[in-house]
Amino acid sequence: MPTRREFYWGLAGSAIASAAGIRPARAQTAGGELLVAFDGASVVRFVLDPHNSLFAPHNRVIRSIFDNLVVLLPDQSVGPWLAASWDVSTDRKTYVFKLRQGVRFHDGAPFDAAAVKANFDRLSDPKTVLYAKAEIGPFESAEVLASDTLRITLNRPFEPFLRNLSSTKLAIISPTALARYGDAFGQNPVGTGPFRFTGLTQGTEIRLERNPDYAWAPPTASHAGPAYIEKLTFRNVPEQATRVAALKSGQVQVADLIPSQNIAEVKADPDLRLLQKELLNTNYSLALNVTRAPWDDEEIRQAFRLSLDIGAIVRVVYLGTAPRAWSPLSPSLFASAEHELANSWKPDPAKAAAILDRKGWIRAADGIREKDGKRLAISFIDAQGNREQRLDCIQLIRRQLAHAGIALSIDSQAPGAYLQKVAQGEYDLAAGAQFADDPDVLRRYYVPSERVVAAAIRVNDPDLQQWLDQAASEGDTAKRAELYRLAQHRIIDKVYGIPVYVLLYNLATTGAVTGVDIDTHGFPQFHGARLVAS
Amino acid sequence: MSAGRADAAYVLRRLVAAVAGSFAAATLVFLILYWLPGDPAALIAGDDASPQMVANIQARLGTNAPLWHQYVTYIGHLLHGDLGTSFTTNEPVSHRLAGQLGASLQLTFSACLMSILAGVVFGVIAGVNHDRWVDHLIQSVTMFMTSMPPFWFGLLLVMIFSVTLRWLPAIGSGSLRQLILPSLCLSSLLAAQLTNMVRNSVIDVLEEPFVTTLRGKGLLERSVLYRHVLRNALIPAITMFGLLVGELLSSAVVVETVFARQGLGRLMVEALGVKDIPMIMGVTLFASTFLILANLLVDLSYSWIDPRVRAA
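If you're wondering where the values come from, they're calculated on a predicted model, not measured in any experiment. (Residues numbered from 1 in each chain as written. Chains lettered and ligands numbered in written order. Predicted model: local features only at pLDDT ≥ 70, side-chain atom pairs only at ≥ 80, totals over all residues.)

Regarding the overall build of chain B
1) Next: In terms of regular secondary structure, chain B is built from 13 helices and zero strands.
2) Next: The order of α-helices and β-strands along chain B, N terminus first, is α-α-α-α-α-α-α-α-α-α-α-α-α.
3) Next: Each of the three principal axes of chain B carries a C-alpha extent, and together these read 85 × 60 × 30 Å.
4) Next: Buried residues in chain B amount to 41% of all 312 residues.
5) Next: Here the contacts in chain B between residues at least 6 apart in sequence split such that 73% fall between residues at least 24 apart. (Helix = DSSP H or I, 4+ residues; strand = E, 2+ residues; numbered from the N terminus. Buried ≥ 20, exposed ≤ 12 C-beta atoms within 10 Å, placed from the backbone. Contact = placed C-beta atoms within 7 Å.)

This is the structure:
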């Protein structure tokens with residue numbers, strides 16, 4: 001008599017036997033289709049509108065469909081792409097772009113100065129709420145000077161401008177497609193990129209095919225012409241173990257964000273190859289709510305930090321696969337002070353205890369410190385769950401703090417409630433990271449007028465504001481870097497934020513594919529990918 | 001009154017109750033959503049939005065109106081068959097539901113089918129062999145299945161059938177082959193619970209005097225078992241099934257995530273996160289209707305299995 005298990009095996013076996021045309025998994029890729037399993041989290045709605053998505057997983061797909069005016073070179077300077085060349089006026093408020101000729105959008109519309117102007121007009125429209133709006137800074141107007149010449153005027157110098165133009169957030173979209181699809185453009189994206197969009201199944205799959213006319217790859221590309229593979233399909237596989245399983249079983253040839261516990265295994269597997277590159281971003285950092293007690297006292301903040309051993313936490317959680325972060329800006333980002341700030345402080349629980357004792361926070365019977373009958377209890381607010389194993393870090397922080405006599409609780413909220421509580425300042429500790437192409441991203445955190453309603457960083461430091469504002473319009477690169485150096489030192493010295501780890505974006509490929517690459521921003525590229533006949 | 005008309009009246013009564021039930025569920029969820037913290041307009045506007053932008057969006061969504069007004073408007077549209085427009089995508093809710101429905105229905109039906117088949121077959125085997133080794137084996141397996149989280153079981157299935165044996169795909173929805181592992185995973189708990197249920201009632205029925213009488217009358221053992229014992233043993237199992245379908249709906253989200261499938265579960269979780277009220281209401285209405293209909297079918301099947309129910 002069969003056991004239940006035997007029954008299942010038998011059932012599975014017979015179902016397979018009855019399915020016509022069984023093929024080994026690898027044969028499914030014949031015809032030049034590359035399958036990518038990506039971590040799109042449990043988001044059911046794909047938004048492939050470059051101007052309206054801050055979600056990194058969607059931007060990884062956007063990269064293959066769209067091109068930019070300029071490309072970010074490995075040394076963080078910008079090179080020509082859809083803009084063949086440009087001139088900047090001496091007051092650095094006017095940019096004249098000479099556009100590449102012969103470029104067409106996937107829908108056949110010509111790429112010209114009018115099309116680029118339409119992109120800027122869309123971004124600067126006061127009625128819109130596009131996420132990428134902040135990227136164009138003090139944009140004033142765009143004028144078509146000739147079919148291949150566009151003048152952009154800013155109302156004050158804005159040094160991050162060119163670098164921002166290299167970001168997927170400012171990729172160039174087809175104005176005719178925008179007019180046709182309107183709000184639904186995000187589900188019907190049309191660009192000039194190496195792959196064109198053919199369809200999607202909400203939440204699970206995005207289908208692209210080669211753009212046969214493509215002849216305008218950026219100088220960083222492996223070749224100038226069309227992509228080698230005919231079809232490129234992205235499958236959203238939010239569960240990390242399934243992603244690794246789909247790769248190992250050959251059901252996909254590429255999987256991204258391999259979790260740290262599988263990295264050693266993937267590296268050791270001769271059939272798999274691991275690529276990794278730092279994502280340019282603000283390192284995942286703890287933000288202390290300095291507007292309310294106890295964090296309004298700098299010494300208490302120092303004691304908090306001295307109680308933590310961030311290095312040990314990062315080693316334990318990421319198993320040596322992610323470097324520990326010291327600076328607010330990730331190490332490869334322009335002007336990052338990562339190397340200067342390395343080892344700028346070290347854990348010292350005894351000193352932390354001395355500060356807290358002196359401040360009147362005395363250990364009670366349960367080990368948690370008290371002052372005037374009030375416990376030293378703080379809450380960490382979170383809405384993202386354990387993405388990138390972030391909550392694992394927080395759990396270890398909680399344990400280290402308990403040793404120091406500080407009780408930490410984790411306040412998990414749905415995104416809506418999270419934003420509301422942060423906007424009202426009802427939290428002690430928050431944390432986050434944001435992909436960025438320029439250190440100017442700090443201005444949005446530390447300059448109150450640039451801040452969003454629900455900003456977790458509530459620091460109000462006039463020096464910091466002045467340095468960051470000045471840096472945004474400083475034309476001299478060395479001076480600009482110096483201002484960012486000052487700002488980063490101040491953030492660490494005053495314990496406004498505590499950086500935790502540096503994210504290395506990774507993807508693994510099977511032996512069936514070569515030529516997959518990661519660009520300077522840290523986004524995957526499939527233009528040079530080639531399938532290997534098996 | 002003829003039997004046919006009595007049946008029709010019964011079904012009609014149940015359908016009215018079903019509509020009332022869905023309506024009550026919708027009202028309750030609407031009130032809970034209103035009470036929960038978080039402003040959908042602020043979420044849609046995003047981090048970089050000014051208070052004015054948020055206010056504009058509130059006006060567009062109608063979330064700045066008083067609760068009673070929002071509720072009456074919603075119910076009014078609902079009565080016209082309009083489920084509203086998703087806050088986040090501006091697509092009709094019915095359209096977004098339809099996009100995910102196929103995959104969800106496939107998964108739910110095949111998991112139901114698998115659990116009924118496994119539950120009845122193994123339940124009868126265990127019950128008939130009460131206290132013999134086969135019974136103990138089936139009992140241990142069902143105990144194991146009920147204590148395992150579906151999440152873990154799903155990953156185990158992927159490891160065995162996709163990575164090691166390479167028989168079945170680990171991810172995706174659409175083809176029959178892609179349906180097998182997720183349905184197995186989803187049905188595991190339900191199948192184990194049904195097996196126990198059927199086993200226990202088979203044991204109970206076998207001890208009833210009428211079985212002894214039937215056997216005494218010289219009926220074949222097989223005929224006693226299938227025509228009489230099984231029929232009586234199925235009723236409690238079917239009642240249980242109606243309740244368990246709800247569990248199936250709620251654990252679907254885990255299975256959808258593990259196997260990277262489309263489905264209403266993930267749609268619901270995402271809608272809850274961003275407080276997309278029309279979307280949440282749409283999924284709730286669909287799920288409650290589905291659950292109520294499943295239970296209606298369960299009730300109707302009693303009379304088919306045991307005609308005495310109709311008379312009662």
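Some points on the sheet that holds strand β14 (residues 362-363) of chain A
Residue and element names in this part refer to chain A.
1) Next: One open sheet holds the three strands; their spatial order is β14-β15-β16, and the pairing between them is antiparallel. Pairing within the sheet leaves two strands with one partner each, and these edge strands are β14 and β16 (374-375).
2) Next: With two bridges connecting them, β14 and strand β15 (residues 369-371) associate as antiparallel partners. Among the inter-strand pairings, I362 is bridged to a residue of β15, identified as E370. (Pairing = 2+ DSSP bridges.)

Overview of the environment of W86 of chain A
Residues and elements named next belong to chain A.
1) Next: Residue placement: W86 occurs in strand β4 (residues 83-88).
2) Next: When the 18 C-beta atoms within 10 Å are taken as the criterion, W86 is described as partly exposed.
3) Next: In sequence terms W86 and W361 are 275 residues apart; their C-alpha atoms lie 60 Å from each other.
4) Next: Apart from the residues lying within four places of it in its own chain, the contact partners of W86 are Y95, V96, F97 and K98.

Let's talk about helix α13 (residues 415-423) of chain A
1) Next: Turning to α13 of chain A, its buried residues number three or more, namely G416, Y418, L419, K421 and V422 of chain A.
2) Next: Phi turns positive one or two residues past the end of α13 of chain A, at G425 of chain A, with a value near 70°.

What to know about the pairing of strand β10 (residues 231-236) of chain A
Residue and element names in this part refer to chain A.
1) Next: Bridge count for strand β1 (residues 33-38) against β10 is six bridges, and the pairing is parallel. Residue pairing across strands places F38 opposite N236, the latter belonging to β10.
2) Next: Examined bridge by bridge, strand β9 (residues 205-210) and β10 share five bridges and lie antiparallel to one another. Pairing of R207 across the sheet is with T233, part of β10.

Considering unusual backbone geometry
All names here are of chain A.
1) Next: Following A293, the chain continues into P294 via a peptide bond in cis, with omega recorded as 0°.
2) Next: One can find P294 in the loop between β13 (281-288) and α8 (298-306).
3) Next: Although it is not a glycine, D372 adopts a positive phi angle of roughly 50°.
4) Next: Topologically, D372 is positioned in the loop between β15 and β16.

Quick word on the domain arrangement of chain B
All names here are of chain B.
1) Next: Examined at the domain level, chain B breaks down into domain 1 (3-79) and domain 2 (98-311).
2) Next: Averaged C-alpha coordinates put domain 1 and domain 2 at centres separated by 31 Å.
3) Next: Every contact between the two is made by 14 residues of domain 1 and, on the other side, 15 residues of domain 2.
4) Next: Looking at the side of domain 1 that touches domain 2, the elements with two or more residues in it are α1 (3-35) and α2 (40-45).
5) Next: In terms of residues, the side of domain 1 that touches domain 2 owes the most to one element, α1, which gives 11 residues.
6) Next: Counted by class, the side of domain 1 that touches domain 2 contains 10 nonpolar, three polar and one charged residues. (Domains from an automatic or database assignment. Nonpolar A, V, L, I, M, F, W, Y, C, P; charged D, E, K, R; others polar.)

A word on the sheet that holds strand β5 (residues 94-99) of chain A
Residue and element names in this part refer to chain A.
1) Next: Pairing in this open sheet of four strands is antiparallel, and the strands run β4-β5-β7-β6 from one edge to the other. With one partner strand each, in any of the chains shown, β4 and β6 (139-146) form the two edges of the open sheet. Shown here is a sheet whose adjacent strand axes are inclined to one another by a mean of 20°, direction ignored.
2) Next: In the sheet, β4 pairs with β5 via five bridges, with the strands oriented antiparallel. Counterpart to V88 in the pairing with β5 is Y95.
3) Next: Where helix α3 (residues 113-124) meets the sheet, it contacts β5, β6 and β7 (149-154), and its direction lies at approximately 165° from that of β6. (Axes fitted to C-alpha atoms, helices over the stretch in contact; angles between N-to-C directions.)

A closer look at the interface of chain A and chain B
Interfaces are frequently sized by the accessible area removed from exposure as the parts join.
1) Next: With 46 residues of chain A in contact, the opposing surface of chain B contributes 56 residues.
2) Next: Secondary structure elements with two or more residues in the side of chain A that touches chain B: α1 (4-18), β10, α6 (240-248) and α13 of chain A.
3) Next: At seven residues, the largest contribution of residues to the side of chain A that touches chain B is made by α1 of chain A.
4) Next: Residue composition of the side of chain A that touches chain B, by class: 26 nonpolar, 12 polar and eight charged.

Considering the environment of V532 of chain A
1) Next: Along the chain, the position of V532 of chain A falls in the segment after β25 (530-531).
2) Next: Not counting residues up to four positions away in its chain, the partners in contact with V532 of chain A are G511, A512, V513 and T514 of chain A.

Quick look at the environment of L137 of chain B
1) Next: Relative to the helices and strands, L137 of chain B resides in helix α6 (residues 133-147).
2) Next: Considering only alpha carbons, one finds L137 of chain B and A126 of chain B, 11 residues apart in sequence, at a separation of 8.6 Å.

Some words on the packing of helix α11 (residues 264-273) of chain B against helix α12 (residues 277-305) of chain B
Residue and element names in this part refer to chain B.
1) Next: α12 packs onto α11 with a crossing angle of 145° between their chain directions and a minimal axis gap of 9 Å. Considering how the two elements wind past one another, α11 and α12 form a crossing that is left-handed. Contacts between α11 and α12 involve L264, L267, M268, A271 and L272 from the first element and M279, I280, V283 and F286 from the second. (Left-handed = near helix turned anticlockwise from the far one by under 90°.)

Considerations on the packing of helix α15 (residues 462-473) of chain A against helix α16 (residues 477-493) of chain A
Residues and elements named next belong to chain A.
1) Next: Orientation of α15 relative to α16, taken along the N-to-C sense of each, is 155°, at an axis distance of 9 Å. The orientation of α15 relative to α16 falls into the category roughly antiparallel. Here α15 and α16 pass one another in a crossing that is left-handed. Contacts between α15 and α16 involve D463, L464, W467, L468, Q470 and A471 from the former and R480, L483, Y484, L486, A487 and R490 from the latter.
2) Next: In the contact of α15 with α16, the residues fall into eight nonpolar, one polar and three charged. (Parallel < 35°, antiparallel > 145°, perpendicular 65-115°, else oblique.)

Re the pairing of β13 of chain A
All names here are of chain A.
1) Next: Along β13, eight of the eight residues are buried, which leaves the element largely enclosed by surrounding structure.
2) Next: The pairing of β13 with strand β19 (residues 429-435) spans six bridges and is classified as antiparallel. Pairing of N281 across the sheet is with F435, part of β19.

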